[in-house]
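Given next are the chains, with one letter for each unit.
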Amino acid sequence: MDFEDTPEEAAFRAEARAWLDANAKLRNPDEPPMGMLEEEGGGGVKRAQQWQAKKADAGWACITWPKEYGGRAASSIQSVIWNQEEGRYRTPPSIFGIGQGMLGPTIMTHGTQEQKDRYIQPMLRGEEIWCQLFSEPAAGSDLAGLRTTAVKDGDDWVVNGQKIWTTGAQFCKWGMIVTRTDPHAVKHAGITYFIVDMESPGVEIRPIKQIAGASGFNEVFFTDCRIPDKNRVGAVNDGWRGAITTLMNERSSIGAGGGGAGVKDLLRLAKQCKRNGRPAIEDSSVRQQIADFYIRTKGLSYTGSRTLTAISKGTTPGPESSIGKLVGAPLRQQMAAFAMDLQGAAGSLVNQDAAEEGIWQLAWLGAPGMRLAGGTDEILRNIVSERVLGLPSEMRADKGVAFSDIPTGS
Amino acid sequence: MNFDFSEEQKLLQKTARDFLADQAPLSLARAVMESDNKYSEELWKETAEMGWLGATIPEEYGGAGFGYLELALLAQEVGRSLAPIPFSSSVYLASEAIIAFGSDDQKKKYLTRLAAGDAIGTVAIAEGPGELGLESVETRFEAGKLTGKKTPVPDGDIADLIVVLAKTAAGTALVIVDGDAGVDKKSLESIDPTRAMGQLTFDGAPAELLGADGEGAAQAEKILDRAAVLMAFEQIGTAERAFDITKEYTLGRYAFGRPIASFQAIKHRLADLYTSIVLATSNAYYGAWALENSSDELGTAACAARVNATEALELAGEEIIQMHGGVGFTWEYDCHMFYRRSKLTGLVLGSAAEWREKLIQRLEAAA
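Computed from a prediction, not measured in an experiment: that's the story for all the values here.

Side note on the environment of R30(B)
Residue and element names in this part refer to chain B.
Link 1 in the chain: Mapped onto the elements, R30 comes out in helix α2 (residues 26-33).
Link 2 in the chain: The exposure class of R30 is partly exposed, given the 18 C-beta atoms found within 10 Å.
Link 3 in the chain: C-alpha of R30 to C-alpha of I57: the two residues are 27 residues apart in sequence and 31 Å apart in space.

As structure tokens, this is what we get:
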């Protein structure tokens, strides 16, 4: 039992570090990673694209992709090592993750040769950015309940409907969209998957302002938007298969929890703030609570180490890898709320008016989103109980029912 | 990154699991609970023959010379079987104290007996309700004699060899007492009758120093840290068994025409219990790593392992009864044995609240 790289891993890390040293600046460990795109305007996209092209030229883009697509067929542990190392440098935040991580592999698996030839290279180089058009206002956790329709018209499909929670749609050239093509089939059997040009007529993108003020997501409206049939991925009405491939490639945030304020900051804050006329850190309930946060944080971090160990050995990570967000997101919310409580009335202030520039308030405002995005707490508990523990799935009122006959409540 | 046990270690664990499945079914713990026996002498002898009682005792003193990683996995299996033996007291506490602080003569004299299972050992610290106040013990050691009362002492009533934390002219010290010489041993009734609990009264009992006079509290703290990690593995083993039994029951129990394990009200709670055990296991792994490598982080790692394992097992102990419904609180079903064990193991080394406090003190000291 140890935390060391194997000799092969150490060699790969050294190779990655050598290239990064020559091409990027180290980040001060206390300095947060480079900021969100939206705060940086269009310049952020350009910088991210330049960095991606540089990586691509040197063979450090999409390293897990097969060599025939420009990757280096890197192992999962090499991918983790690369991400750890790149994270140590001042590099632009990646805006290509959804395309490169999820959609690219879907096209490689289900796409036509023509699609692979056309889309994969610009995706790898970051020249074209991609978004994923899955969720709808009435189809979130129950994605297969989607209602956006695609109707065949000559060589085209005509798409109408609304997608939501689309990350980065405003920067994207292409999207991958799941649509309803047969409302009379049972819900999973009437879905078709397409590549859609986000600049084509009939596509309207509206940013969604979140509770913390930022707009990371969008609503995307489709009104008689035409998609050529050659952009179809997989067979007609067989799109659910492709959608599953996409979702299976959704990266679990292995070893996450590094970013943001932590227990150390809470201890400092508890020394500065008073309770009962004395530093709050002398209050027993404060001490008990911070201890609990520390223990859960460490538990998550070491669980990440166990997952990495499995990856390093080339085995599938054990079931313990599935609990990261289920524990991490509520923990973050509770820690932020606790920090605000320590500040008392001043805990209500935000941004420059708040202590420590409002990092805790920002975390508190962002935390509810973390508990919902990429699988709600409740869906994650279903996943753990069904896929990890093997418990029976929920009884479904829509099983075997044609999509058009499923009750919608409206 | 290799944050896992080796294949050899896992094989040892598998052997232990199979052995205990055979030799220590839950009916063995029940038999102890329903009799006047304080432990299973037969199982105690068998574990001695397997070499477990001397797991980390060096071979020159009759032990197996394993590392802590091996002992941690044995502890997990002992916990999984609810084994009704004084394993934790004798192995994690008494033997560890003598390995850490004993003179060569003391090691020769005591460790060989402990490894062979000829003597049951324990460590006596508590002196009544409240925290384990290491600096404020009243039991007094002077001129080779020990006077005072220790209560409750895990396995104290069946112990042959007792390491006692006592007050001395120099502060505090650990001393070794022969359980058969000048000690009044009384059995106490505890929430968990599958394990022994005693009260020890010393009236000028002959005793000998273990380690340095004046260092007793510091030495006891080190022993408690080590024991906390090992006990965490034992607790996790117990929690895993409770989880398995609970899951099995919810799959087989039908209500409203379906297995109750298909209701989200049950599924989500099983997911939460599973999650709690996973986190506790990860913290226990780190504790084992710190113990095996004598890391500076053992102090904080032990606290995290202790608290998290206690929380996970207490949750498992509550849920096994709740999810069994009415039969869960009958004497006949085994659920209560887990509920009882969960609280006993959560208390004997000091409550979770004490360990959370200790954790913050150590984080402050390290800052």
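Some remarks on α2(B)
All names here are of chain B.
Link 1 in the chain: For α2, the full list of buried residues reads L28, A29 and V32. In a view along the axis of α2, the buried residues occupy a sector of 100°, so they form one face of it.
Link 2 in the chain: Among the structural elements, α3 (41-49) and α10 (335-348) are those in contact with the buried residues of α2.

Overview of the domain arrangement of chain B
Residues and elements named next belong to chain B.
Link 1 in the chain: One can read the domain layout of chain B as domain 1 (7-116), domain 2 (121-213) and domain 3 (218-366).
Link 2 in the chain: If you average the C-alpha positions of domain 1 and of domain 2, the two centres end up 22 Å apart.
Link 3 in the chain: Listed per partner, the contact involves 20 residues of domain 1 and 18 residues of domain 2.
Link 4 in the chain: Elements supplying a minimum of two residues to the side of domain 1 that touches domain 2: α2, α5 (87-101) and α6 (104-116).
Link 5 in the chain: No other element matches the 8 residues that α5 contributes to the side of domain 1 that touches domain 2.

Regarding the environment of V401(A)
Residues and elements named next belong to chain A.
Link 1 in the chain: Its location among the elements puts V401 in the segment after α11 (377-388).
Link 2 in the chain: A tally of 13 C-beta atoms within 10 Å means that V401 is categorised as partly exposed.
Link 3 in the chain: Placed 197 residues apart in sequence, V401 and E204 show a C-alpha to C-alpha distance of 33 Å.
Link 4 in the chain: Discounting chain neighbours no more than four positions away, the residues touching V401 are V186 and I406.

Regarding the packing of helix α7 (residues 216-252) of chain B against helix α9 (residues 298-324) of chain B
All names here are of chain B.
Link 1 in the chain: Direction vectors running N to C along α7 and α9 enclose 25°, while the axes themselves pass 8 Å from each other. As judged from the angle between their axes, α7 and α9 are roughly parallel. Crossing hand, α7 versus α9: left-handed.
Link 2 in the chain: Partitioned by chemical class, the residues of the contact of α7 with α9 number 18 nonpolar, 8 polar and 3 charged.

Reading guide: rules and limits
- Starting from 1, residues in each chain are numbered consecutively following that chain's sequence as written.
- As a convention, the first chain written is A and the first ligand written is 1, with the rest following in written order.
- Under the rules for a predicted model, residues below a pLDDT of 70 receive no local features and side-chain atom pairs below 80 are neither given nor counted, while totals for whole chains, interfaces and linings still include all residues.
- Segments assigned H or I by DSSP are reported as helices when at least four residues long, segments assigned E as strands when at least two residues long, and all are numbered from the N terminus.
- The burial criterion counts other C-beta atoms lying within 10 Å of a residue's C-beta, which is placed from the backbone; the residue is buried at 20 or more, exposed at 12 or fewer, and partly exposed between these limits.
- Here the arc refers to the set of directions running from the helix axis out to each C-beta atom.
- Here contacts are defined at the residue level, using C-beta atoms placed from the backbone and a cut-off of 7 Å between them.
- What marks off one domain from the next here is an automatic or database domain assignment.
- Geometry is summarised by axes, namely lines fitted to C-alpha atoms with helices restricted to the contacting stretch, and by angles between N-to-C directions that run from 0 to 180 degrees.
- Note that the term roughly parallel is reserved for angles under 35 degrees, roughly antiparallel for angles over 145, roughly perpendicular for angles of 65 to 115, and oblique for everything else.
- The handedness criterion is simple: a crossing whose near helix is rotated anticlockwise from the far helix by less than a right angle is left-handed, and one whose near helix is rotated clockwise is right-handed.
- Only Asp, Glu, Lys and Arg are considered charged in this grouping, and only Ala, Val, Leu, Ile, Met, Phe, Trp, Tyr, Cys and Pro are considered nonpolar; every other residue, Gly among them, is considered polar.

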